[in-house]
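Chain and residue survey
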Amino acid sequence: MVTILYFARLRESLGKGSEQITLPADVRDLEGLRALLVSRGGAWEQELAPSKPVRAAVNQAMAVGDMPVADGDEVAFFPPVTGG
Amino acid sequence: MKRQALTAEDAENAEEQRRQESNHDSRLTTHDSRITLMTVRIQTSDFDVSTEITALRRNNPKIGAVASFIGVVRDVNDGGAVAEMTLEHYPGMTEKAIEEIIDQAKGRWQVLDALVIHRVGTLKPTDPIVLVVVTSGHRGDAFAACEFIMDYLKTRAPFWKKEQSGQGARWVEARATDDVAAERWR
């Protein structure tokens, strides 16, 4: 299982703050996971489309497309940060 | 004043002294064989700048300079009125991200100790939102490290602001000028 967290605008648009999924065998990295979520269509396709400025973290560290994702990982998707 | 370079031993002495004489919540971490001191707090409550600086400085005669930055909620953003805002963060990662930023600052400048307090939850215009304090032997290092920590926090620490106004609520968009501010430290 992989835990996926969504924050801020993404959490509201997708209607959930977290979920747990079993990774299909062909999903091995962040890019693959994002594509899997986009394939759900609707808000998922809209919010996570490659053209959208979505940031991601794997196990609480900022990560980009080819970062490996495996069973037990915590993955998060969120908009560019706006603190301070 | 005699100019003195910071060594691991100096930092260790300062830490030992603080452990004996201070009860505040700074933690001791070992990183790259350097002794690093830092405190990161994410909280909904307000902070008292004077209390925090006093605690950070307590009984450390190595400190020659203290630089601080306070971020405050404005009543206007991108031309629109702001009645209040709600701050969301990523518990766990936010603290780690800020600790990493402080570590980087400590690698670039002589920093004795650093404190970052960032508020979350609902805030109104004039409310303080973030406090950064850096102590150092000299002002140049304190100023630079403080500004660096703030610039990196703006672009790397997972916080998100949602503003409420008469027209409703909207998520604040990230600013390109913040990326530029962070880039100049490369």
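Look up a bit, the structure's there.
Attention here is on the structure that accompanies the text. These numbers were taken from a predicted model, which means no experiment stands behind them.

1. Looking at the interface of chain A and chain B
Contact residues are listed per partner, giving 20 residues for chain A and 25 residues for chain B. Here chain A meets chain B over a buried area of about 1800 Å², counting both sides, of which 57% is carbon and sulfur. A per-residue breakdown of the area chain A buries against chain B is headed by A:Gln60, A:Thr82 and A:Gly84, which together make up 38% of the total. Linking chain A with chain B are two salt bridges, by the criterion used here.

2. Quick notes on the pattern of salt bridges
All names here are of chain B. Per the counting criterion, the structure on display carries twelve salt bridges over all chains. Note that Glu84 and Lys124 form a salt bridge whose closest N and O atoms lie 3.0 Å from each other. Of this pair, Glu84 sits in strand β6 (residues 84-89) while Lys124 sits in the loop between β8 (121-123) and β9 (128-136), and the two are 40 residues apart along the sequence. The class for Glu84 is partly exposed, based on a relative accessible area of 23%. Note that Arg184 and Asp151 form a salt bridge whose closest N and O atoms lie 2.5 Å from each other.

3. Overview of the environment of A:Ala35
Summarising the element assignment, A:Ala35 is placed in helix α2 (residues 30-38). Each C-alpha atom, one on A:Ala35 and one on A:Pro50, is 8.5 Å from the other, the two residues being 15 residues apart in sequence.

4. Focus: helix α2 (residues 49-57) of chain B
Counting along an α-helix, one turn takes 3.6 residues, and residues three or four places apart therefore face a common direction. Residues and elements named next belong to chain B. Taken as a whole, α2 has its buried residues at Glu52, Ile53, Ala55 and Leu56. Across the axial projection of α2, the buried residues extend over an arc of 160 degrees, all falling on one side. Residue Asn59 follows α2 closely and has a positive phi angle near 55 degrees.

5. Notes on the sheet that holds strand β5 (residues 74-78) of chain A
All names here are of chain A. Spatial strand order, β2-β1-β5-β3-β4: five strands in an open sheet with mixed pairing. Among the strands making up the open sheet, the edge pair consists of β2 (18-21) and β4 (61-63). Taken pair by pair, the neighbouring strands of this sheet meet at an average axis angle of 30 degrees, ignoring direction. Summarising the sheet, strand β3 (residues 55-58) and β4 pair through three bridges and their orientation is antiparallel. In the sheet register, Val58 faces β4, and the bridge partner there is Ala61.

6. Some remarks on the nonpolar core
Membership of the largest hydrophobic core comes to 35 residues, with the highest contact counts inside it found for B:Ile98, B:Ile102, B:Trp109, B:Val132, B:Val134, B:Phe148 and B:Ile149. Every element with two or more residues in this core is listed here: β2 (34-43), β3 (65-72), β6, α3 (93-108), β7 (113-119), β9 and α4 (139-156) of chain B. Per-element tally for this core: the top contributor is α4(B), with nine residues. Those residues in contact with B:Ile149, other than ones at most four positions away along the chain, are B:Ile101, B:Ile102, B:Ala105, B:Ala114, B:Val116, B:Val132 and B:Val134. Counting residues in hydrophobic clusters, the runner-up holds 21 residues, among them A:Trp44, A:Val58, A:Val69 and A:Val75.

7. Considerations on helix α5 (residues 176-183) of chain B
Residues and elements named next belong to chain B. Residues of α5 that are buried include every one of Asp178, Ala181 and Ala182, and no others. Taken down its axis, α5 places every buried residue within 95 degrees of arc, on the same side. For α5, exposure combined with an orientation more than 90 degrees from the buried face picks out Ala176, Thr177 and Val180. In this fold, the buried residues of α5 make contact with α4.

8. Concerning the layout of surface pockets
Sizing a probe to match a water molecule and rolling it over the atoms shows the empty space that remains. Taken as a whole, the largest pocket spans an internal volume of roughly 590 Å³. In this structure, the largest pocket is lined by 28 residues; those nearest its centre are A:Val54, A:Arg55, A:Ala56, A:Ala63 and A:Val64. For the lining of the largest pocket, the elements supplying multiple residues, two or more each, are α2, β3 and β4 of chain A together with α4 and α5 of chain B. Of all the elements, α2(A) adds the most residues to the lining of the largest pocket, at five residues. In terms of residue class, the lining of the largest pocket is made up of 16 nonpolar, two polar and ten charged.

9. Quick word on the sheet that holds β8(B)
All names here are of chain B. Taken together, the four strands give an open sheet; going across it, the order is β8-β6-β10-β11, and neighbouring strands pair in antiparallel fashion. For this open sheet the edge positions go to β8 and β11 (168-171), each flanked by a neighbour on one side alone. Neighbour-to-neighbour, the strand axes of this sheet turn through a mean angle of 25 degrees, independent of strand direction. Where β6 lies against strand β10 (residues 159-165), six bridges are found, and the strand directions are antiparallel. Bridging from a neighbouring strand, His89 pairs with Phe159 of β10.

The rules we used
Going along each chain's sequence as written, the residues are numbered from 1 onward. The lettering of chains begins at A and the numbering of ligands begins at 1, in the order of writing. Where local features are concerned, this predicted model is filtered to residues with pLDDT of at least 70; where side-chain atom pairs are given and counted, the filter is 80 or more; whole-chain, interface and lining totals use all residues. Water and hydrogen atoms were dropped before computing side-chain values, which therefore reflect all heavy atoms in the structure. By the convention used here, residues are in contact when the closest approach between their heavy atoms is within 4.5 Å. Summed over both partners, the accessible surface that disappears when two parts come together, traced with a 1.4 Å probe, is what is meant by buried area. When a carboxyl oxygen of Asp or Glu is within 4 Å of a side-chain nitrogen of Lys or Arg, the pair counts as a salt bridge. Put simply, DSSP marks the helices as runs of H or I at least four residues long and the strands as runs of E at least two long, and each gets a number from the N terminus on. Burial status follows relative accessibility: with a 1.4 Å probe on protein chains alone, a residue under 20% of its type maximum counts as buried, one over 50% as exposed, and anything between as partly exposed. Note: the arc covers the axis-to-C-beta directions of the helix. Here, a strand pair is defined by DSSP locating no fewer than two bridges between the strands. Helix axes are fitted to C-alpha atoms over the stretch in contact, other axes to C-alpha atoms as well, and angles between N-to-C directions run from 0 to 180 degrees. Here, the term nonpolar core denotes a set of buried Ala, Val, Leu, Ile, Met, Phe, Trp, Tyr and Cys residues that are joined through side-chain atoms within 4.5 Å. The method works on a 1 Å grid over the protein atoms by themselves. A cavity is a set of points holding a 1.4 Å probe that cannot get out, a pocket is an open set with protein on both sides within 12 Å along at least five of seven lines, and residues with an atom within 4 Å of a point line them. Grid points are joined across faces, edges and corners, and a volume is the space filled by probe spheres set on the points. Charged means Asp, Glu, Lys or Arg here, nonpolar means Ala, Val, Leu, Ile, Met, Phe, Trp, Tyr, Cys or Pro, and polar covers whatever is left, Gly included.

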